[in-house]
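In case you want the letters, here they are:
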Amino acid sequence: MQGEERPIGRFSSLKVELCLVIVVATAIAFVMAWFLLKVGWSGWIAMPLTLAVALGITYLFSRGMTAPLRQIRDAAKAMADGDYTVRVDGTATERNDEIGQLARSFNEMAGELQHAEQMRLDMVANVSHELRTPVSALQAMVENMADGVTEPTPANLESILNQTHRLSDLIAFLLDLSRMEAGAASLNIESFNFADFIDETVEPLEIADAGHAHEITMDIPDGIVMEGDQDRLRQLFTNIIANALKHSPDGTAVLIEAHENEQQGTVVTNVVNFGSQIEPSARSDIFRRFVKGKTGPGTESGGTGLGLSIARWAAQLHGGTVKVVDDERGADFEITLPKYH
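So, how was this worked out
- Residues numbered from 1 in each chain as written.
- Predicted model: local features only at pLDDT ≥ 70, side-chain atom pairs only at ≥ 80, totals over all residues.
- Heavy atoms only, no water.
- Salt bridge = Lys/Arg side-chain N within 4 Å of Asp/Glu carboxyl O.
- Buried < 20%, exposed > 50% of the residue type's maximum accessible area, 1.4 Å probe, protein only.
- Pairing = 2+ DSSP bridges.
- Helix = DSSP H or I, 4+ residues; strand = E, 2+ residues; numbered from the N terminus.
- Axes fitted to C-alpha atoms, helices over the stretch in contact; angles between N-to-C directions.
- Contact = heavy atoms within 4.5 Å.
- Phe/Tyr/Trp six-rings, centres within 6.5 Å; stacked < 30°, edge-to-face > 60°.
- UniProt positions renumbered as here; feature names shortened; annotations may be inferred.
- Left-handed = near helix turned anticlockwise from the far one by under 90°.
- Nonpolar A, V, L, I, M, F, W, Y, C, P; charged D, E, K, R; others polar.

Let's shift gears to the pattern of salt bridges. Under the defined criterion, the tally for this structure stands at five salt bridges. The salt bridge involving R73 is made with D74; its shortest N-O contact spans 3.2 Å. For R73, a relative accessible area of 43% puts it in the partly exposed group. Judged by its relative accessible area of 42%, D74 is partly exposed.

Our next topic: the pairing of strand β4 (residues 253-261). Successive side chains on a regular strand alternate, one facing one side of the sheet and the next facing the other. Of the pairings in the sheet, the one linking strand β2 (residues 215-219) to β4 comprises five bridges and is parallel in character. The partner of D219 across the bridge, within β4, is E257. Bridge count between β4 and strand β5 (residues 266-274): eight bridges; the pairing is antiparallel. Paired with I256 across the two strands is V271, which belongs to β5. In this structure, the hairpin formed by β4 and β5 is closed by a connection of four residues, where G265 is found at a positive phi of approximately 70 degrees.

Turning our attention to the sheet that holds β5. With mixed pairing, the five strands of this open sheet are ordered in space as β2-β4-β5-β7-β6. Each edge of the sheet is formed by a strand with only one pairing partner; in this case those strands are β2 and β6 (321-325). Here the strands of the sheet are splayed against their neighbours by 20 degrees on average, with no regard to which way each runs. Bridge analysis of β6 against strand β7 (residues 330-338) gives five bridges, and the strand direction is antiparallel. Across the sheet, the residue bridging to K323 is E334, located in β7. Contacting β2, β4 and β5, helix α7 (residues 194-208) crosses the sheet at an angle of about 175 degrees to β2. Along the sheet, helix α9 (residues 307-317) contacts β6 and β7; its crossing angle with β6, the most-contacted strand, is approximately 125 degrees.

The subject of this paragraph is the packing of aromatic side chains. This model, assessed by the stated rule, comprises four aromatic pairs. Pairing F192 with F197 gives two aromatic rings, centres 5.1 Å apart and planes at 45 degrees, and the pair type is tilted. Accessibility assignment for this pair places F192 and F197 in one class, buried. Judged by centre distance (5.9 Å) and plane angle (75 degrees), the rings of F197 and F237 are edge-to-face. Here the residue F197 occupies a position in helix α7, and F237 occupies one in helix α8 (residues 230-246), the gap between them amounting to 40 residues.

Attention now moves to the UniProt feature "transmembrane region" (unreviewed entry) in the protein. This chain's UniProt record puts "transmembrane region" (unreviewed entry) on residues 16-37 and 43-61. Split by type, residues 43-61 is 100% helix and 0% strand. Its first and last C-alpha atoms lie 27 Å apart.

Attention shifts here to the packing of α8 against α9. Close contact between α8 and α9 brings their axes to 8 Å; oriented N to C, the two are set at 145 degrees. The way α8 lies across α9 gives a crossing that is left-handed. Residues R232, Q235, L236, N239, I240 and N243 of α8 pack against G307, L308, I310, A311, W313, A314, A315 and L317 of α9. Taken together, the residues of the contact of α8 with α9 break down into nine nonpolar, four polar and one charged.

Across the eleven residues that make up α9, a large majority, eight, are buried. Those residues of α9 that sit buried are G307, L308, S309, I310, A311, W313, A314 and A315. Positive phi shows up at G319, right after α9, with a value of about 75 degrees.

Shown next as structure tokens:
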């Protein structure tokens, strides 16, 4: 049937294709009826024969037109049975009409569902791995103290405290993830000075980063006042800035610059860590859950794989966006938020 499908699929509208089928079938039926009557055939024989030919032509064309729909039906049944690898083949996706658009959209949806299913399968393993490291470290340090191998010195107690902080952060990430899944998040909207807010957000990050000699430079006008939930927005900017620090070599700079887009009524912030770049093909994947950055020369690499996903969620709660944009200076995360909620 692909021979009939391909010419039809070149049109951009299914309505045009249906009209074409009707016109072709009617024209052939008219010419055939005229010829049969002209050669002396009885009308009682010519008309049924003409109608049968017209129906046959319509059937052949319609099978080519609806073949992708049958593929989509079969693929949907397979997906309902748990097979998310199934796709509609290339012939259907090459069509220019609404059926081709549907086939391409179906394949995109199937890809997203396959990724979501894989993330679900990997979630327990990832969380177990992330929990195992601090728990094992805590267990070893406490056992050593209990056995008298090490003394409960301030340095050793600080190591234990750091591991508990790591556990606390992971649990907070997982709680936020559950809120993301449930769509349950309330916002406490208030007006605040954006420059002061960023200063307060950066201060604990600078303290935590003290041993890596990163220079955090801020270029933010003092007069920007916006509305939003400061706790959620602090999650957003903390995760983005911390990510920039993690993937920056020691002694390098991270730039935070912001401006107000008065025409759009938004506040646009760019967080740039100089030197490193993110491949265009990976720029959407890094915002997926449990997708970790590659090992690099920065403070850390990897983490829980939840930070950027939670950052995007916090931005979307405010009607904003987070994305990676082209910037010759380095990896540039652009955060766009409405000035008024």
